[in-house]
Amino acid sequence: MFNHKCNLCTFVSGSYVKAIVKSVEDGRIELTLRRGWGDNNKKDEEEEEEEQKELPLPLPEVGDIVKAYVTDTNKKGCFLRLNNGVNGRVILKDLGDKFVADPKAEFPVGRLVAGKVK
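Residues numbered from 1 in each chain as written. Predicted model: local features only at pLDDT ≥ 70, side-chain atom pairs only at ≥ 80, totals over all residues. Heavy atoms only, no water.

### Brief notes about unusual backbone geometry
This is how it is decided: For the exposure calls, accessible area comes from a 1.4 Å probe over protein chains only, and a residue counts as buried if that area is under 20% of its type's maximum, exposed if over 50%, partly exposed in between.
In this structure, Asp26 takes a positive phi of about 50° despite not being glycine. For Asp26, a relative accessible area of 70% translates into the label exposed.

### Some details on the confidence of the model for the chain
As a reminder of what qualifies: A score between 0 and 100, pLDDT records how confident the predictor is in each residue. Helix and strand assignments follow DSSP, with helices taken as H or I runs no shorter than four residues and strands as E runs no shorter than two, numbered in order from the N terminus. Any two residues having at least one pair of non-hydrogen atoms within 4.5 Å are treated as being in contact.
Here the chain averages 78 in pLDDT, while 67% of its residues score no lower than 70. Per-residue pLDDT, averaged within each element of the chain, yields its smallest value for helix H1 (residues 45-53) (62) and its largest for helix H2 (residues 103-106) (92). Overall, residues 1-5 carries pLDDT values under 50, and its contacts beyond four positions in sequence, including any with other chains, amount to 18 contacts.

### Notes on the nonpolar core
Stated formally: Among buried residues, those of type Ala, Val, Leu, Ile, Met, Phe, Trp, Tyr and Cys that are joined through side-chain atoms within 4.5 Å constitute a nonpolar core.
Ranked by size, the top nonpolar core spans 8 residues in total: Ala68, Val70, Cys78, Leu80, Leu95, Val100, Phe107 and Val113. Among the elements of the structure, strand S3 (65-74) and strand S4 (77-83) are those that each provide at least two residues to this core. In this view, Val113 contacts Val66, Lys67, Ala68, Val70, Leu80 and Phe107; residues no more than four positions away in its chain are not counted.

So, in structure tokens, the structure goes:
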């Protein structure tokens, strides 16, 4: 499950954030906002207590409008990642209001999309 210390509602388009590059692979960059990710230093007791108090982000419910990144596209539809713990799939008939002839061209890997949870 995806855990996060900060309030995601405070982010707005164009904001600057501090992030750490977790990996670079096939032209994609994975970032994290977690302090100390990848550090070999032992966390102090206060930080560990804070992490234990964290609550996971709620799962999206039917009818919610969500934003996600395309992680894979094939002739049957798209796979999406909402956050580090939630992945989704959109079948071909639900990719748009009209028929999508070439899903790979319309929904390339890395594109940010928005949709309604069914």
